[in-house]
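Listed here are the chains, written in short residue letters.
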Amino acid sequence: MKNPVHDPRKEAALLMEAYNVTLAATLDEVLSGIDDEEDLKEPDFETHLRNVAANDLQAWFDAPLDGLGGRTPGSVLESLETLDVAMVFFEEAALRCDDQIPDLLKMKLGSFGTAAADALMTLALTPSWEGASGTEDRPSGVLVGARAISLLGEWGNKDALELFAAKFSSLSDPDETVAEAFRDYCKAIGPEAAKVLAGYVESATRSDEVSLEGPIDYMLIAIADIGSQHPDERLFQCLRAAFRRMEHKAVGAICLGDYGDGRAVPTLKGFLDRFEGRIDRQTFYEVTNAIRRLGGVLTDVRNPFASDGDRPS
């Protein structure tokens, strides 16, 4: 057996690399055992997959791992005594785990209470959230920050809501990883987050100087996600007003379709009527798809992108 690693960061890196490899192999094995592809489309399939993988991983957590001095990954995580060391393990997990970080680590962090939440908030807010053009490589701080945002959402931590929303709204071109984490955070917080986001969108909609793109696009998507499960008149009006004001309508149309209120159909069809012949292909199909999902009729809409000018069915 190799000599144990005593440096906490090296120990964390070793453990998380091994966890990532093991989790990937476990997920592949579970997926390879599925005979009916229709099972993959079930709404709760992802939750089922993660539960099966977690059960299968228990044996790995309970077995000694080379480099840990005869200790098991589970015992190492359970024995983290200080928040500072636990945060080192979180940072390494955020950088090395492609799918999810260990639940044992999340529980250990949670045991430190508000101090852990404050530390995660600091990690989340420290890096720039702007996207870096021309490169797919992200600074480590951005990756760690995005994971911190997601975990605070899992914990239902509302203390970060206003700070996150303010920072996100100030961006010109959000980093996609941060944007997805922010969206997940807002969905986890629920209606309270949707109302905060609606305030920013409404302000932008009233202003001639603010573009309804970039951060606003992501905010609209989060509002639609939350509103589809928790309908609210303010959210519907916010989405509809934003669609009318947006220069590029595709995202707005998708959001109205996702929200699910059929009252949006006249707005969507009115747009097609007013701009017939001046709509790009993507926008046309996103708008007509939204109308269809909302139960609208398309027999009176001509498809300018069909070779024969057929109307969408």
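Described in the following lines is the structure provided in the data block.

Cut-off values and rules
Residues numbered from 1 in each chain as written. Predicted model: local features only at pLDDT ≥ 70, side-chain atom pairs only at ≥ 80, totals over all residues. Heavy atoms only, no water. Axes fitted to C-alpha atoms, helices over the stretch in contact; angles between N-to-C directions. Helix = DSSP H or I, 4+ residues; strand = E, 2+ residues; numbered from the N terminus. Parallel < 35°, antiparallel > 145°, perpendicular 65-115°, else oblique. Left-handed = near helix turned anticlockwise from the far one by under 90°. Contact = heavy atoms within 4.5 Å. 1 Å grid on protein atoms, 1.4 Å probe; cavity = no way out; pocket = protein on both sides within 12 Å on 5 of 7 lines; lining within 4 Å. Points joined across faces, edges and corners; volume = space filled by probe spheres on them. Nonpolar A, V, L, I, M, F, W, Y, C, P; charged D, E, K, R; others polar. Phe/Tyr/Trp six-rings, centres within 6.5 Å; stacked < 30°, edge-to-face > 60°. Buried < 20%, exposed > 50% of the residue type's maximum accessible area, 1.4 Å probe, protein only. Salt bridge = Lys/Arg side-chain N within 4 Å of Asp/Glu carboxyl O.

Attention now goes to the packing of helix H9 (residues 176–189) against helix H11 (residues 215–229). Where H9 meets H11, the axes come as close as 9 Å, and the angle between the chain directions of the two elements is 30 degrees. The angle between the axes of H9 and H11 places the two elements in the roughly parallel class. For the element pair H9 and H11, the recorded crossing hand is right-handed. Across from Glu176, Ala179, Glu180, Arg183, Cys186 and Lys187 in H9, the residues of H11 making contact are Tyr218, Ile221, Ala222, Asp225 and Ile226.

The volume enclosed by the largest pocket comes to roughly 700 Å³. Along its surface, the largest pocket is lined by 24 residues, and Asp99, Arg147, Ser150, Glu154 and Asp184 are the ones closest to its centre. A breakdown of the residues in the lining of the largest pocket according to their chemical character gives 10 nonpolar, 4 polar and 10 charged. One number sums up the size of the second largest pocket: a volume of about 290 Å³. Around the second largest pocket, the lining comprises 16 residues; the ones closest to its centre are Tyr19, Arg50, Ala54, Gln100 and Asp103.

This next bit is on the packing of aromatic side chains. Applying the stated criterion to the full structure yields 13 aromatic pairs. A centroid spacing of 5.1 Å and a plane angle of 75 degrees characterise the contact between Trp60 and Phe61, whose relative ring orientation is edge-to-face. No difference in accessibility class separates Trp60 from Phe61, as the two residues are buried. Between Phe168 and Tyr218 the ring centres are 6.1 Å apart and the planes differ by 80 degrees, which places this aromatic pair in the edge-to-face class.

Below, the discussion takes up the pattern of salt bridges. Counting across every chain of the model gives 16 salt bridges. Here Arg183 ties to Glu180 by a salt bridge, and the two come within 3.9 Å at their closest N and O atoms. Of this pair, Arg183 and Glu180 both sit in helix H9, 3 residues apart, which is roughly one turn of that helix. For the salt bridge of Glu233 with Arg263, the shortest nitrogen-to-oxygen distance reads 2.7 Å. Of this pair, Glu233 sits in helix H12 (residues 233–245) while Arg263 sits in the loop between helix H13 (250–259) and helix H14 (265–274), and the two are 30 residues apart along the sequence. Classification of Glu233 by relative accessible area gives partly exposed; the value is 41%. Judged by relative accessible area, which is 39%, Arg263 ranks as partly exposed. Connected through salt bridges with shared partners, the residues Arg9, Glu17, Glu91, Glu92 and Arg96 form a single ionic network.

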